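# Structural features, examined
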Amino acid sequence: NQSFQYFCLSTLCDLDINEIEDEDIIDGSNDEGIDVINLNRLQDNIIVSIFNCKSSQRDSYSASDLTKLGRGLEYVFEEKQEVYKKLKNSKLVKKIADIRDEKEEVVEVNVYYCVFNGGNHPENVKRKESEIKKRYATFLKSQYPKAKFNFVLVDSEYLFKVKTKRNESLRGAIIKISYYDKDR
């Protein structure tokens with residue numbers, strides 16, 4: 001799963017694998033449906049990218065995953081400081097604080113729900129996607145005046161199209177990920 005997270009982040013944010021910082025990967029216990037948060041600082045502007053990634057070939061879009069991601073977005077953008085500071089995932093708490101401390105510089109918020117096998121979009125997934133888009137497009141206009149909001153459903157076909165569009169060959173690409181034991 002972590003290699004898929006790195007692949008999604010590097011592809012969608014156009015980062016070299018070596019530019020990805022360890023604190024961007026917040027997946028783990030109490031991650032509130034958010035696996036990755038990247039803040040890309042470009043002079044006085046910040047692009048926030050938030051990911052939920054499911055790498056199993058069996059995984060496709062799920063309304064329950066979108067519900068969890070929606071709750072995670074509530075923590076990032078709406079919950080009071082005394083509430084989000086109680087989260088047990090210290091990387092997530094730090095990212096939330098960073099986003100809020102620099103909200104005047106945030107020009108774009110991209111939320112990616114990434115699955116290996118996208119397939120069809122069931123009605124409940126379309127409904128949850130629409131709810132999140134509507135809620136945060138409106139919310140960000142009021143709280144993050146310079147930010148535009150994007151919400152994208154991503155599957156492996158979408159990722160390969162992005163790579164191909166940049167004329168990047170995947171042949172021979174090696175991504176080194178430290179050993180990860182999901183049971184630990």
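Structure report, in brief. Quick caveat: nothing in here was measured; it's all calculated off a predicted structure.

### Describing the pattern of salt bridges
Considering all chains together, one arrives at 12 salt bridges under this definition. Here Glu 74 makes a salt bridge to Arg 71, at a shortest N to O gap of 2.6 Å. A residue pair is termed a helical-turn pair when its members lie 3 or 4 positions apart in one helix, as Glu 74 and Arg 71 do in helix H2 (residues 63-77) at 3 residues. Judged by its relative accessible area of 27%, Arg 71 is partly exposed. Here Glu 78 ties to Arg 135 by a salt bridge, and the two come within 3.1 Å at their closest N and O atoms. Taken together, the residues Glu 78 in the loop between H2 and helix H3 (81-84) and Arg 135 in helix H5 (residues 123-143) connect sequence positions 57 residues apart. For Glu 78, a relative accessible area of 32% translates into the label partly exposed.

### Overview of the packing of aromatic side chains
According to the stated counting rule, one finds 8 aromatic pairs in the structure shown. Ring centres of Phe 7 and Phe 160 lie 6.0 Å apart, and the angle between their planes is 50°; on these two criteria the pair is classed as tilted. Of the two residues, Phe 7 is situated in helix H1 (residues 2-12) and Phe 160 in helix H6 (residues 156-165); the sequence distance between them amounts to 153 residues. In this structure Phe 160 comes out as partly exposed when scored by relative accessible area, which is 39%. Aromatic rings pair up to connect Phe 77, Tyr 136, Phe 139, Tyr 144 and Phe 149 into one cluster. In this structure, Arg 71 is placed above the aromatic ring of Tyr 75, and the distance from its NZ or CZ to the ring centre is 4.2 Å. Stacked on the ring of Tyr 144, the Lys or Arg Lys 103 has its end atom at 5.1 Å from the ring centre.

### Re helix H4 (residues 90-101)
Look at H4: 16 Å from first C-alpha to last across 12 residues, which is about the 16 Å you get at 1.5 Å a residue. Here H4 has its buried residues at Leu 92, Val 93, Lys 95, Ile 96, Ala 97, Asp 98, Ile 99 and Arg 100. Check the buried side of H4 and you find it contacts strand S1 (36-42), strand S2 (45-54), H2, H3 and strand S3 (106-115). Capping of H4 at its N-terminal end is provided by Asn 89; its side-chain oxygen lies 3.2 Å from the backbone amide nitrogen of Lys 91.

### Comments concerning the nonpolar core
With 37 residues, the main nonpolar core has Ile 37, Val 48, Ile 50, Phe 77 and Phe 151 as its most contacted residues. With 7 residues, H2 is the largest single contributor of residues to this core. Apart from the residues lying within four places of it in its own chain, the contact partners of Phe 77 are Ile 50, Ile 99, Arg 100, Val 109, Tyr 136, Phe 139, Leu 140 and Tyr 144. Of all hydrophobic cores here, the second largest spans 19 residues; its members include Phe 4, Tyr 6, Cys 8 and Tyr 112.

### Topic: the side chain of Asp 24
Relative to the helices and strands, Asp 24 is located in the loop between H1 and S1. Under the relative-accessibility criterion, Asp 24 is labelled buried at 3%. Those residues within four positions of Asp 24 in sequence are excluded, and the remaining contacts are Leu 9, Asp 35, Val 36, Ile 37, Asn 38 and Lys 95.

### Quick look at the sheet that holds S1
If you trace the 4 strands from one edge of the open sheet to the other, you get S1-S2-S3-S4, paired in mixed fashion. The strands lining the two open edges of the sheet, one partner per strand, are S1 and strand S4 (148-154). Each strand axis lies, on average, 15° off the axis of its neighbour in the sheet, ignoring direction. Of the pairings in the sheet, the one linking S3 to S4 comprises 7 bridges and is parallel in character. If you follow Tyr 112 over to S4, its bridge partner there is Val 152.

Cut-off values and rules
- Residue numbers run consecutively from 1 along every chain, following the written order of its sequence.
- The model is predicted, so local features are restricted to residues of pLDDT at least 70 and side-chain atom pairs to those at 80 or more, both for listing and for counting; the totals for chains, interfaces and linings are taken over all residues.
- Water and hydrogen atoms play no part in the side-chain values, which are based on all heavy atoms of the structure.
- We define a salt bridge as a side-chain nitrogen of Lys or Arg found within 4 Å of a carboxyl oxygen belonging to Asp or Glu.
- Think of it this way: any DSSP run of H or I at least four residues long counts as a helix, any run of E at least two long counts as a strand, and we number them from the N terminus.
- Note on classification: 1.4 Å probe, protein chains only; a residue is buried when its accessible area is under 20% of the maximum for its type, exposed when over 50%, partly exposed between these limits.
- Paired rings are identified among Phe, Tyr and Trp, the last through its six-membered ring, by centres lying within 6.5 Å, and are further divided according to the angle between planes into stacked (under 30 degrees), edge-to-face (over 60) and tilted (the rest).
- For a Lys NZ or an Arg CZ to count as sitting over a ring, it must be within 6 Å of the ring centre and within 35 degrees of the ring normal.
- To estimate how far a helix should reach, multiply one less than its number of residues by 1.5 Å.
- Contacts are assigned to residue pairs with any non-hydrogen atoms lying within 4.5 Å of each other.
- Here a polar contact is recorded for every N or O atom pair within 3.5 Å, except that within protein the pair must consist of a potential hydrogen donor and a potential acceptor, and residues adjacent in sequence are included only if both atoms are side-chain atoms.
- As used in this record, nonpolar core signifies buried Ala, Val, Leu, Ile, Met, Phe, Trp, Tyr and Cys residues forming a set joined through side-chain atoms within 4.5 Å.
- Two strands qualify as a pair provided that DSSP identifies no fewer than 2 bridges between them.
- Simply put, an axis is a line fit to the C-alpha atoms, just over the touching stretch for a helix, and the angle between two N-to-C directions goes from 0 to 180 degrees.

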